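A look at the structure
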Amino acid sequence: MKIVLLNPPHTAIGSRIPDDHLPPLGLLAVGGPLLDDGHAVRLIDCEFGPLGFEEIVARVLDDCPDLLLIGHSGSTSAHPTARRIASDVRMAAPSVRVIYGGVFPTYHWREVLSESGAFDFIVRGEGEETVRRLVRALSSLEPLSEVLGIAYRDDGGRALATHPAEAIANLDAYRIGWELIEHRRYSYWGGKRAVVLQFSRGCPHLCNYCGQRGFWTRWRHRDPVAFAKEIARLHREEGVELINLADENPTSSRKAWLAFLNAMIAENVPVQIVGSTRADDIVRDADILPLYRKAGVVRWLLGMENTDDATLKLIKKGGTTTSDRQAIALLRQHDILSMATWVVGFEEERLGDLWRGFKQLLSYDPDQIQALYVTPHRWTPFFGLARDRTVIEPDVRKWDYKHQVLKMKHLHPAVLFLSVKLIEVAIQARPKALARVLLHRDPQQRHSMRWYTRMGRRVWFHELYEFVFRRRHFDSGPTLQVFWGAPQETEEESMLPPRRRRPADSAAA
């Protein structure tokens, strides 16, 4: 079959301002197995440009495809755009069937199929095997009811979902379709040729606001040596210089992570690695941090979320402010940059809380910070806690963690926004931080920090302009539950837990 994989243009500020673009890993991960099954597959990455709707439709229909598969890593904020593209394609070519995948459609499949006839099928959870089975069923006219992990409309137009698929136990069983992209077009970290990869999927921790934990169902990791070999091949054959790890928590298993570090050191390729992890994992690994740096790790985003112990307890973060501070100090000792995420917008916050948070961030002394706004997802436990809060941002395209979406009891949106912008400037422009940007002893890290500073400055002014001239908040909007629907906490796990085969079972297979 002829299949088009489409990465919709994203309206988030973070995607529009930087000059760098990263390849859509999710679509490439689905594309590899489809290519191996003998299908004609091509990728359209609409982030370049970004492409307008008319051009997108023209490119989709260029070779009269049988299937259009739409997916995006930021699927909640990308959903309105994906729906528009699917509708336009359907109007221009009714025979093209549209498959939709991602975190948002996985949980909102009922609404997605009911609100628009543009989407024919929804893939729920991981896509590599489910998409293969769905395409096989469509090409051979097999019953769709036997394809696990999908949702569709029956002959009567009723939306229904099949039994959940099983999460992939062996992540190395499916290859990434790297041939679908031109590597020279993708870069990060200031022009370095880059790709996105996953060492692991899922997270063993129980943060109640996390929209990814239940989607991946359980934490699993790739073979450390095979993963390092893939990175080395990408460098040697495609010139890849930087790996952006998309993992929620790649360091969950010290044993597996240490095996990967040693494998990367053995490959001896000058590849830089950036990603996200937990501060307590850094503290745990204090004795092997020299291996982190030797293997190529140059920055960790530390999901600290907040500096208030009561808030951390509310969201079940599980970390402490002590381990956060210690982790940043340890990373600095080994010339690994730290980025601290700081989430605001919790209902009871006051100016005093923001002030205490600012002082705590100063004491942490991170190299970079990223201020985010609490954004509730319907399938998380936190949604139930916030169900009666007022929605002030009705434009779903702004539900990207960079815009306030829920009303606060004590702070007007303008007060919160200006406070956050001032805190960002004070943290990033303090003399100690500027000295590192200008005089860091590692020239590679100096380049990285200068790139981040330039990008952050552009984003900061863009956000200020947008807030003043383009934002239109509801004065009295609907509650969160009225806006999105009832909580889906009981459906948080999108797939069945992976079944680990015994050696005898694998041999028999």
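For the structure, see preceding data.
Structure report, in brief. Position numbers for residues count from 1 along each chain, tracking the sequence in the order it is written. Where local features are concerned, this predicted model is filtered to residues with pLDDT of at least 70; where side-chain atom pairs are given and counted, the filter is 80 or more; whole-chain, interface and lining totals use all residues. Computation of side-chain values: all heavy atoms of the structure, hydrogens and water removed.

Some points on the overall build of the protein
The helix count covers DSSP runs of H or I at least four residues long, the strand count covers runs of E at least two residues long, and both are numbered beginning at the N terminus. In terms of helices and strands, the protein carries 21 helices and 16 strands. As a reference, a globule follows 2.2 Å times the number of residues to the power 0.38, and the radius of gyration itself is taken over C-alpha atoms. Radius of gyration (C-alpha) of the protein: 23 Å, near the 23 Å computed for a compact globule of 509 residues. The C-alpha extent of the protein, read off along each of the three principal axes, is 65 × 60 × 45 Å. Type-normalised accessible area, obtained with a 1.4 Å probe on protein chains alone, sets the label of each residue: buried when under 20%, exposed when over 50%, and partly exposed for intermediate values. Taking all 509 residues of the protein together, 57% fall into the buried category. We call two residues in contact when some of their heavy atoms are within 4.5 Å. Sequence separation of at least 24 residues holds for 78% of the intrachain contacts in the protein that already meet a minimum separation of 6. To be clear on the numbers: accessible area is Shrake-Rupley with a 1.4 Å probe, and residue cover counts the displayed protein chains and nothing else. Accessible surface for the protein amounts to roughly 21,400 Å². Of this, 53% is attributable to carbon and sulfur atoms.

So, the nonpolar core
Buried residues of nine kinds, namely Ala, Val, Leu, Ile, Met, Phe, Trp, Tyr and Cys, make up a nonpolar core once their side-chain atoms join them within 4.5 Å. If you look at the biggest cluster of nonpolar residues, it comprises 82 residues, and the most contacted ones within it are Phe260, Tyr292 and Trp300. In terms of residue count, helix H10 (residues 254–267) provides more of this core than any other element does, six residues in total. Sequence-distant contacts of phenylalanine 260, defined by excluding residues within four places in its chain, comprise Phe199, Pro224, Phe227, Ala228, Ile231 and Ile273.

Regarding helix H3 (residues 53–60)
Taken together, the buried positions of H3 are Ile56, Val57 and Val60. Buried residues of H3, viewed axially, fall in a sector of 95°; they line one side. In this structure, the buried residues of H3 make contact with strand E1 (2–7), strand E2 (40–45), strand E3 (67–71) and helix H4 (75–92). An arc is given here, and it is the one of the directions from the helix axis to the C-beta atoms.

Overview of the pairing of strand E16 (residues 368–373)
Regular strands show a simple pattern: their side chains alternate between the two faces of the sheet. Counting buried residues along E16, five of its six residues qualify, which places the element largely inside the surrounding structure. At least two DSSP bridges between two strands are required for those strands to pair. Taken together, the six bridges between strand E15 (residues 337–344) and E16 define a ladder with parallel strand orientation. Across the sheet, residue threonine 341 finds its bridge partner in E16, namely glutamine 370. This β-α-β element, E15 to helix H15 (residues 351–364) to E16, shows right-handed connectivity. Seen with its strands pointing away from the viewer, a crossover is right-handed when the path leading from the first strand over the helix to the second is clockwise.

Side note on unusual backbone geometry
Cis geometry marks the peptide bond from glycine 49 to proline 50; its omega dihedral reads -10°. With respect to the helices and strands, the residue proline 50 is situated in the loop between E2 and H3. Of note in the backbone geometry, cysteine 64 takes a positive phi value of approximately 55° without being a glycine. Turning to its location among the elements, cysteine 64 is positioned in the loop between H3 and E3. For cysteine 64, a relative accessible area of 60% translates into the label exposed.

Concerning the packing of aromatic side chains
What describes a pair of aromatic rings is the distance from one ring centre to the other and the angle between the planes of the rings. For Phe, Tyr and Trp, where Trp contributes only its six-membered ring, two rings pair if their centres lie within 6.5 Å, and the inter-plane angle classes them as stacked under 30 degrees, edge-to-face over 60, or tilted in between. This model, assessed by the stated rule, comprises 24 aromatic pairs. Summarising the aromatic geometry, the rings of tyrosine 100 and phenylalanine 119 are spaced 4.3 Å apart at their centres and angled 10° between planes, so their arrangement reads as stacked. With tyrosine 100 in strand E4 (residues 97–101) and phenylalanine 119 in the loop between helix H6 (109–115) and strand E5 (121–123), this pair connects stretches of sequence that are 19 residues apart. On the accessibility criterion, tyrosine 100 (2% relative accessible area) is buried. Note on phenylalanine 119: relative accessible area 0%, which makes it buried. The interplanar angle of 75° and the centroid separation of 5.1 Å between the aromatic rings of phenylalanine 483 and tryptophan 484 together place this pair among those described as edge-to-face. Accessibility expressed as a relative area gives 14% for tryptophan 484, which makes it buried.

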